[in-house]
Structure formats: structure tokens, C-alpha cells
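Structural description and commentary
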Amino acid sequence: MSALQPVRGTHDLLPEDMRRFREVADTARRAALCFGYHEVATPIFEFTEVFKRTLGDTSDVVTKEMYTFTDKGGETVTLRPEGTAGVARALISGGLTQHLPLKYFYVGPMFRYERPQKGRMRQFHQTGVELLGVKEPQGDVEVIAIGVEFLRRIGAWERCELELNTLGDTASRQAYRRVLIDYLNDFRDRLSKDSLERLDKNPLRVLDSKDENDQKIVADAPLYSDYLSPEAQDFFARVKGGLDDLGIAYRINPRLVRGLDYYCHTCFEITCPELGAQKTVLAGGRYDGLVGMMGGPETAGVGWASGVERCSMLLKETPAAARPIAIVPLGEAAERKAAQIAGDLRRQDFMVDLGYSGNMGKRMKRANKIEAVVAVILGDDEIAKGEVSLKLLDTGEQKNVRLTDLEAALAAYR
Ligand code: ATP
Ligand code: MG
């Protein structure tokens, strides 16, 4: 441990990173807004129970990845590893289930104690949407369409693939659970320790194992799709039909299961092969059981979360910083006038940089360094005449402008 190093798995977002981050987060927000979603923010920590109860005792997140601590009042709290549980908790504590359907968007930091690697951090950020109180498959289609629209807008959708599966309903799951246990029981001596534990508590989880040997065993397991109830099949058919209608391409992946306990029916992931091992950029599904499981009224839900850092890697370019206007005063009187002019322009929402000291040469150098688009140069002579000189820094072109006309002359650089 060194106080001069960031905590392992955390990152600073310096201006360039931050611009990529903003581009991703703002685009996701904009896409969600276009579908009538509203932005919300829940606290970044909750009582540990909120996650334990919803994510399930056998999930990787709960067993290994949670940042949990006891606060000074003796409460056990956890830094949120994901956003859905907090939104569901807010729905219940705010009595919002009276106002369904609700359409929410969020963005913010999440925390998981994972082994850091490319695309996998201990503090990372997610954007996400939650559609609450809609049990129809049209809801699943809408939520997926938001994700696709978001990725299309950041120029990534063309390089991505949507994988789709169904986790069915309770009846289907019970039927499948039995055959899966029968199948996996024959491999008890070869399954990983984690999977053995899951086999007893929540066998569907074994399908989600990251262990290579487990994956080989799972590859020949009976397929869930063969055990779906007619209702679950119909629901899935309508989701697929809705996506077809919108021209959204997908690939059915019968092995796709979400890591979390509360999912049912639709589950999906959008992956981008160019990211390598950590290639899932957006993942989600339907979670009709969640709010009820937390102690609220039974409430349908469907949503997704997307890793901002992984999406940032897909941006082809770093968005350029907005270019400021530099004010360059020559002499003491001009310096005072410059401060006034800067104030006036800033009140009109111009971006203005005013250096703190230095002669003309030093100040012009700085103007170039900060990539100012134009310099407003003023000396004692100009002030006396009520004028300033504008210099376009890309072309070197220069002209005098009356102070009273300055705002109009700069309008193009706001
Ligand atoms: P993985 O299989 O990669 O561990 P997950 O199933 O744990 O993913 P979700 O809980 O579905 O991931 O989170 C949704 C998205 O959030 C992921 O697809 C990914 O883009 C992002 N994400 C998850 N964990 C991390 C992390 N530790 N660092 C960066 N991004 C992450
Ligand atoms: Mg994970």
C-alpha cells in the first residue's frame, strides 16, 4: 500500500478520459431520454441486505466481490456492485409502485472486488435503464432497442453482436432444474468447488461458470430451450418478433445465463469481439421476481447495465475539448479592463481564459497551448479608443473590433 498510488483497480479520469466518459454517458442518457426515460440516482452504498437478498448467496458478486464494511454506527453497508437492486429498493421505500409503469435511466460508479485487468476494474461505471411495471414482451423489446440505439450513436453497434436467450418462467425452471441436476450429478468429482456448491443451491448458476473444465462439462448439458413451458416459449417468440420488426439482429445463445438470481424470461448481452476477453459491453434481462423478493409488491421489471469504460474503448475518437477565447492584456490598465471583459463574456456563457501574469509573448504562447480559437488583445491605446484586437489563432488573421461589438464578433466561438 502506498498513499501515492491509486487503490488497485481504480482509475483517475483526467480530462481526455473524462471527455470519452462523458461522450458515452451523455449519449446513453440521450438515447434513454428519447424513449421517455427519466434519470435517477440512488446512493452508492446501501445496507448489505439489499444486495445479499437480491443477488443471491451463490452469485460471484455476493460471495467474492462486495465491498462491505461496518460503519461507525455498527450498520453493515456495501458499496453498490450494480444499479438494479438500489433502484428496486428506492421503488419500495418511496412507495413508487403506486405509479407504475416507471422508466428510469442512471449512470454512476459501481464497486466490485475483482482481479483487475483490461476492461475489469474495482471501481467502474455503468449506465443503465430499468423499465418497471411492464410485464409485456414489448417492454423487453423497448429496453433492448434503447441499448442498440445508444451503441449505434457511439458508433459501436456495427461492431457488436446481440446475444439473446430466455430463462423462462418458474414452471420451466423447475422442470429444467431437475434434468440439469441429474446431468451434473454424474460429474460431481470433476466440477469446480464453486460449481459443486452451486449445484446444490442454484444449479442454473453452474451454466455461468467461468472455470474452463466446468465449461466443457456444461457444453453437453441438456438445453433449457427443450424444457420451456408453452407460455415461456410464446413470450420469447414475441420478444424475437418485436426485435425482427425493428430490424435488430440477434443471435440466440442457449448457454447465456445471467449471473444474478432474479432474472426470468429474456436475458441478453451485447458483445464486441475487438475488446477481447472482457467483451460484454451491455447486459440485462427481465427481473419480475426482484421487487417481490425484496419485500415489495410483485412488480415486473426489465433493464440493462452497460460498462462505461468498456464502451469508451469503442469510441473511434476522443471528443475534442471545447476551445476557449483567450484574453491578452498589455499593461496594467488593460489587465483591469481584461478582467471586466472576461466577466462580461463569461456571464454570456463564453468560455474565456485569462492568464494571471506575463508579457504579450508569454500570454500568446499560452493562448496557443490551450488551443484558444481566438485571442482578444488589448493595450492602453485600444482601451482609449474603446477597441480591442481579435486574432484568429488558426489563420493569424487579425482585425479591430469596437468593445461594444465584441460579443457579436465572438458569437461564432461560443
Ligand atoms: P463479467 O462476466 O464480465 O464479469 P458481469 O456479468 O459481472 O460481467 P454485469 O453485472 O452484467 O457484468 O455488468 C454489466 C456490464 O458492466 C458488463 O457487461 C460490463 O460492461 C460492465 N462491468 C461489469 N463488471 C465490470 C468491471 N469489474 N469493470 C468494468 N466494467 C464492468
Ligand atoms: Mg463479473
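Everything that follows concerns the structure shown earlier in this document.
The model shown is predicted, which means the values in this text are computed figures rather than measured ones. (Residues numbered from 1 in each chain as written. Chains lettered and ligands numbered in written order. Predicted model: local features only at pLDDT ≥ 70, side-chain atom pairs only at ≥ 80, totals over all residues. Heavy atoms only, no water.)

Here we come to the pairing of strand E16 (residues 398-402). Strand direction decides the pairing type here: strand E15 (residues 387-392) and E16, joined by five bridges, are antiparallel. Paired with Leu390 across the two strands is Lys399, which belongs to E16. (Pairing = 2+ DSSP bridges. Helix = DSSP H or I, 4+ residues; strand = E, 2+ residues; numbered from the N terminus.)

Within helix H8 (residues 212-219) the residues assigned to the buried category are Asp214, Ile217 and Val218. Each buried residue of H8 lies within a common arc of 100° when the element is viewed along its axis, so the set occupies one face. The exposed residues of H8 that point more than 90 degrees off its buried face are Glu212 and Lys216. If you check the start of H8, you find a side-chain oxygen 2.9 Å away from the backbone N of Asn213, and it comes from Asp211. (Buried < 20%, exposed > 50% of the residue type's maximum accessible area, 1.4 Å probe, protein only. Arc of directions from axis to C-beta. Polar contact = N/O pair within 3.5 Å; in protein donor to acceptor, adjacent residues only side chain to side chain.)

Right, let's get into the sheet that holds E16. In space, the five strands of this open sheet follow the order E13-E12-E14-E15-E16, with mixed pairing throughout. In this open sheet, the two edge strands, each paired with only one partner strand, are strand E13 (352-354) and E16. Adjacent strand axes in the sheet meet at a mean angle of 30°, parallel and antiparallel pairs treated alike. Relative to E13, strand E12 (residues 325-329) is paired through three bridges, and the arrangement is parallel. (Axes fitted to C-alpha atoms, helices over the stretch in contact; angles between N-to-C directions.)

Time to look at the site of ligand 1. If you check the shell around ligand 1, you find 15 residues, and the closest are Arg112, Glu114, Arg120, Met121 and Arg258. A distance of 2.6 Å separates a nitrogen atom of ligand 1 from a polar atom in the side chain of Glu114. Note that a nitrogen atom of ligand 1 is positioned 2.8 Å from one of the backbone N or O atoms of Met121. In isolation ligand 1 offers 590 Å² of accessible surface; the protein chains occlude 88% of this area. At the level of secondary structure, the elements contributing two or more residues to the shell around ligand 1 comprise strand E6 (123-132), strand E10 (280-286) and strand E11 (301-307). Among the elements that make up the shell around ligand 1, the one with the highest residue count is E10 (three residues). The residue makeup of the shell around ligand 1, split by class, is five nonpolar, four polar and six charged. (Near = heavy atom within 4 Å. Areas by Shrake-Rupley, 256 points an atom, 1.4 Å probe, with all protein chains shown as cover. Nonpolar A, V, L, I, M, F, W, Y, C, P; charged D, E, K, R; others polar.)

Here we have three strands laid out as an open sheet, ordered E2-E4-E3, and antiparallel in their pairing. The open sheet terminates on both sides in strands that have one partner only, identified here as strand E2 (45-47) and strand E3 (67-70). Across the sheet, the mean angle separating the axes of adjacent strands is 30° when strand polarity is ignored. Taken together, the three bridges between E2 and strand E4 (residues 76-79) define a ladder with antiparallel strand orientation. What sits directly across from Glu46, in E4, is Thr78. Along the sheet, helix H2 (residues 48-55) makes contact with E2, E3 and E4, crossing E2 at roughly 75°. (Contact = heavy atoms within 4.5 Å.)

Turning to the environment of Pro297, a few remarks are in order. Within the element layout of this structure, Pro297 appears in the loop between helix H10 (290-293) and E11. By relative accessible area, Pro297 is classed as partly exposed at 42%. With 205 residues separating them along the chain, Pro297 and Ile92 place their C-alpha atoms 8.1 Å apart. Look past the residues within four positions of Pro297 in its chain and what remains in contact with it is Thr97, Val291 and Gly292.

On to the nonpolar core, then. Formed by 44 residues in total, the largest nonpolar core has its most connected members in Leu132, Leu180, Leu184 and Leu191. At the level of secondary structure, the elements contributing two or more residues to this core comprise H2, helix H3 (60-65), helix H4 (84-93), strand E5 (102-111), E6, helix H6 (170-185), H8 and H10. Grouped together as the second largest cluster of nonpolar side chains are 42 residues, Phe105, Leu151, Phe268 and Cys311 included. (Core = buried A, V, L, I, M, F, W, Y, C linked by side-chain atoms within 4.5 Å.)

Throughout the structure, instances matching the rule amount to five aromatic pairs. Ring plane angle 15° and centroid distance 4.6 Å describe the contact between Tyr176 and Tyr224, whose orientation is recorded as stacked. In this pair, Tyr176 is assigned in helix H6 and Tyr224 in the loop between H8 and helix H9 (230-246), connecting sequence segments 48 residues apart. With a relative accessible area of 1%, Tyr176 lands in the buried category. (Phe/Tyr/Trp six-rings, centres within 6.5 Å; stacked < 30°, edge-to-face > 60°.)

Most of strand E9 (residues 264-271) is tucked away: eight of the eight residues are buried. In terms of strand pairing, strand E7 (residues 161-166) meets E9 through six bridges, oriented antiparallel. The partner of Glu163 across the bridge, within E9, is Glu269.

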